[in-house]
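Read off the chains here:
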Amino acid sequence: MTDIKALRTPDARFADLPDWPFTARYIEDLPGYEGLRMHYVDHGQHEGPTFLCIHGEPSWAYLFRKMAPVFTGAGHRFVAVDMFGFGRSDKPVDDDVYTYHFHRNSLLAFVEYMNLRDVCLVVQDWGGVLGLTLPMEAPERYTRLIVMNTGLPGGEEAPEGFAAWRAFNRSQPDLDVAALMKRATPVLSDTEAAAYGAPFPDKSYKGGVRRFPELVMMKEQGKELTPASKEGVETSLAARKFWSQDWSGDSFMAVGMADPVLGPPAMKALRKMIKGCPEPMEIAEAGHFVQEWGEPIAKAALERFGL
């Protein structure tokens with residue numbers, strides 16, 4: 001059993017979330033993470049493809065609420081997991097607990113625990129930075145990919161947009177998550193923005209939020225990688241090789257064109273790494289959190305896959 005001290009967001013914070021009818025499910029005995037509770041959603045048919053949706057920073061499974069009905073309505077299985085520190089999963093209080101492999105190994109353990117097969121990996125932001133490294137460990141489990149506004153950083157110098165985001169995050173140890181989401185995605189209603197802030201009653205719950213930008217495998221101008229940001233480089237480079245050489249599944253890419261950090265240039269570079277990835281679906285008005293345009297994306301992806 002792990003002796004990691006963690007907080008658990010009260011259930012009342014998640015009452016009456018707009019467009020979120022899903023039953024909360026939990027794993028209490030995830031191998032290597034015993035004593036921490038991981039939240040996930042599992043909805044729809046268990047025969048055929050499973051759409052495994054992995055969120056990023058500072059969001060949670062709620063991000064996929066507009067894609068889920070498309071997947072399940074077509075007779076498929078929708079699974080979305082909250083990483084530790086986010087959503088309804090437990091939140092270690094020590095910021096240093098959150099490392100690249102702490103997160104990655106928990107996702108690998110989740111896929112194994114659930115014994116997911118015929119997986120369509122659905123990723124964005126850190127969901128991709130981590131999620132895109134999962135299939136190389138068990139390629140027989142993965143058949144399809146939906147990828148949005150993310151990347152596989154390998155130790156390069158951070159572009160200006162990301163450097164600015166990391167600096168801003170450092171200045172906000174008690175980041176107002178709801179306000180950030182509203183600013184980044186003005187189409188959100190106040191109640192939707194509040195749903196993104198629901199996991200974090202106060203600053204003590206936000207260790208994961210504070211840490212993720214520090215873990216991105218990019219260095220600041222004129223500096224070397226920090227120990228925290230260096231940790232994932234080798235894994236990320238191996239994943240680049242997998243996607244460019246060994247991936248044999250079907251892929252779909254959607255790009256929020258108004259994203260100042262992981263927009264068209266970053267996604268063009270990523271597309272070159274993914275063997276057989278077709279021209280992306282471009283959504284002019286969408287920013288970083290492109291899943292807020294999830295219904296048309298999911299429909300287009302299913303059409304692409306013949307599902």
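The notes below deal with the structure included here.

How each quantity is defined
Residues numbered from 1 in each chain as written. Predicted model: local features only at pLDDT ≥ 70, side-chain atom pairs only at ≥ 80, totals over all residues. Heavy atoms only, no water. 1 Å grid on protein atoms, 1.4 Å probe; cavity = no way out; pocket = protein on both sides within 12 Å on 5 of 7 lines; lining within 4 Å. Points joined across faces, edges and corners; volume = space filled by probe spheres on them. Helix = DSSP H or I, 4+ residues; strand = E, 2+ residues; numbered from the N terminus. Nonpolar A, V, L, I, M, F, W, Y, C, P; charged D, E, K, R; others polar. Buried < 20%, exposed > 50% of the residue type's maximum accessible area, 1.4 Å probe, protein only. Pairing = 2+ DSSP bridges. Expected span 1.5 Å × (residues − 1). Contact = heavy atoms within 4.5 Å. Axes fitted to C-alpha atoms, helices over the stretch in contact; angles between N-to-C directions. Left-handed = near helix turned anticlockwise from the far one by under 90°.

**Focus: the layout of surface pockets**
Then, in step 1: Volume-wise, the largest pocket comes out at about 830 Å³.
Then, in step 2: Forming the walls of the largest pocket are 36 residues, and the residues nearest its centre are F162, D259, V261, L262 and H288.
Then, in step 3: Broken down by secondary-structure element, the contributors of at least two residues to the lining of the largest pocket are helix 3 (126-131), helix 4 (160-170), helix 5 (177-184) and helix 10 (264-273).
Then, in step 4: In the lining of the largest pocket, the residues fall into 24 nonpolar, 5 polar and 7 charged.

**Quick word on the pairing of strand 7 (residues 119-124)**
Then, in step 1: Counting buried residues in strand 7 gives 6 out of 6 residues, a clear majority hidden from the surface.
Then, in step 2: Alternating positions in strand 7 separate into two faces, V119, L121 and V123 on one and C120, V122 and Q124 on the other, with burial throughout.
Then, in step 3: Direction of pairing for strand 4 (residues 50-54) relative to strand 7: parallel, over a ladder of 5 bridges. Bridging from a neighbouring strand, L52 pairs with L121 of strand 7.
Then, in step 4: Pairing between strand 7 and strand 8 (residues 142-148): 6 bridges, direction parallel. Note on strand 8: the bridge partner recorded for V122 is I146.

**Concerning helix 9 (residues 233-246)**
Then, in step 1: Taking 1.5 Å per residue, 14 residues should reach 20 Å; helix 9 reaches 19 Å between its end C-alpha atoms and fits that length.
Then, in step 2: Looking only at helix 9, the buried set comprises V233, T235, S236, A239, F242 and W243.
Then, in step 3: Looking at the packing, one finds that the buried side of helix 9 touches helix 2 (100-114), strand 8, helix 8 (227-230) and helix 10.

**Digging into the sheet that holds strand 2 (residues 25-27)**
Then, in step 1: Strands sit in the order 2-3-5-4-7-8-9-10 across an open sheet of 8 strands; the sheet is mixed. Both edges of this open sheet fall to strand 2 and strand 10 (281-283), since each of them pairs with a single strand only. Direction aside, the axes of adjacent strands within the sheet are offset by 20° on average.
Then, in step 2: Examined bridge by bridge, strand 2 and strand 3 (residues 38-44) share 3 bridges and lie antiparallel to one another. Bridge pairing in strand 3 links R25 to Y40.
Then, in step 3: Against the sheet, helix 10 engages strand 8 and strand 9 (250-256), with an angle of about 170° to strand 9.

**Notes on the packing of helix 4 against helix 7 (residues 207-215)**
Then, in step 1: Close contact between helix 4 and helix 7 brings their axes to 9 Å; oriented N to C, the two are set at 145°. By crossing handedness, the relation of helix 4 to helix 7 is classed as left-handed. The residues of helix 7 that touch helix 4, namely those facing F162, W165, R166, N169 and R170, are V209, R210, P213 and E214.
Then, in step 2: Here the contact of helix 4 with helix 7 is composed, by residue class, of 4 nonpolar, 1 polar and 4 charged.

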